[in-house]
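Fold and contact review
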Amino acid sequence: PPAGLNRYTGGMIIRTLSMTLSDAEIMAAATRAFEANKANIPAEARGKVKNLTLAFRPDTVVITGTLSMGFIPMPFEAHCEPSVRPDGETLALRIAKVKAAFFTGDGSSILSALMNQLQAVPEVAAENDTLLVRLPQLLARRGVAVEGRLSDVRVEPGALHVAIN
């Protein structure tokens, strides 16, 4: 959510919501979360993923960055397909395609490196080739109670549209 959301939503319960977030808003929030949770990341995992960026393109969330593999920094680009899990609480980002120098595979090593960075955030998890975000719990930590179910997610250039009913 945008940084100032708590100022307007203290004690609010949301049953129906359609929200649009820009990739810049989410990237700024993710950067703040990384900084706030840096101490909770195991020392061996710190700094493995650098220069992380997020961009919304038609039907795709693109995550780019540099993965440190020993002495070699490896730029990567992961194209993720967003969907809503049947539980109505989980936004799933399945890594559909990975582009990286000197790399072949399904993206599991990149997802593993990302998860090592994100493990301090309890609302985020990984399952095989998919990053899972429990959106109502993430919003609850920001003081926003969500009683509805996540029903739709769409990605357009620069924007993520989320519907909760």
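Throughout this description, residue numbers start from 1 for each chain and increase along the sequence as written. Owing to the predicted nature of the model, reporting of local features is limited to residues with pLDDT of at least 70; listing and counting of side-chain atom pairs is limited to 80 or more, with chain, interface and lining totals taken over all residues. To get the side-chain values, take all heavy atoms of the structure and skip hydrogens and water.

**As for the sheet that holds strand β3 (residues 49–57)**
Within a sheet, neighbouring strands are paired by backbone hydrogen bonds and run either parallel or antiparallel to one another. Strands are labelled as partners when DSSP assigns at least two bridges between them. What counts as a helix is a DSSP run of H or I of at least four residues, what counts as a strand is a run of E of at least two, and both are numbered from the N terminus. The strand order across the open sheet formed by 6 strands is β3-β4-β5-β6-β8-β7, and the pairing between neighbours is antiparallel. Each having just a single partner strand, β3 and β7 (124–127) make up the two edges of the open sheet. For this sheet the average axis-to-axis angle between neighbouring strands, irrespective of direction, equals 30°. When β7 meets strand β8 (residues 130–134), the two strands line up antiparallel, connected through 4 bridges. The residue of β8 that forms the bridge with Ala-125 is Leu-132. Every axis corresponds to a line fitted to the C-alpha atoms, with the helix fit spanning only the stretch in contact, and the corresponding angles, defined between N-to-C directions, vary from 0 to 180 degrees.

**Description of the nonpolar core**
Membership of the largest hydrophobic core comes to 33 residues, with the highest contact counts inside it found for Val-61, Leu-67 and Val-162. Sequence-distant contacts of Val-61, that is, excluding residues within four places in its chain, are made with Leu-54, Ala-55, Phe-56, Ala-78, His-79, Cys-80, Leu-93 and Val-155. Buried residues of nine kinds, namely Ala, Val, Leu, Ile, Met, Phe, Trp, Tyr and Cys, make up a nonpolar core once their side-chain atoms join them within 4.5 Å. Partly exposed describes any residue whose relative accessible area lies between the buried limit of under 20% and the exposed limit of over 50%, with all areas from a 1.4 Å probe on protein chains only and scaled to the type maximum. Contacts: residue pairs with any heavy atoms within 4.5 Å of one another.

**Digging into the confidence of the model for the protein chain**
pLDDT gives the predictor's per-residue confidence on a scale running from 0 to 100. Across the protein chain, the average pLDDT comes to 78, with 76% of residues at or above 70. Summarising per-element confidence for the protein chain, the mean pLDDT is lowest in helix α1 (residues 5–9) (50) and highest in strand β10 (residues 150–156) (92). Segment residues 1–6 is flagged for pLDDT under 50; beyond a separation of four residues in sequence, or across chains, it makes 10 contacts in the model.

**Some thoughts on the pattern of salt bridges**
What makes a salt bridge here is a side-chain nitrogen of Lys or Arg within 4 Å of a carboxyl oxygen of Asp or Glu, nothing more. Applying the stated criterion to the full structure yields 8 salt bridges. A salt bridge links Arg-134 to Asp-87, with the shortest nitrogen-to-oxygen separation between them at 3.4 Å. Here Asp-87 lies in the loop between β5 (72–84) and β6 (90–100) and Arg-134 lies in strand β8, a separation of 47 residues in the sequence. When its relative accessible area of 33% is taken as the criterion, Asp-87 is described as partly exposed.

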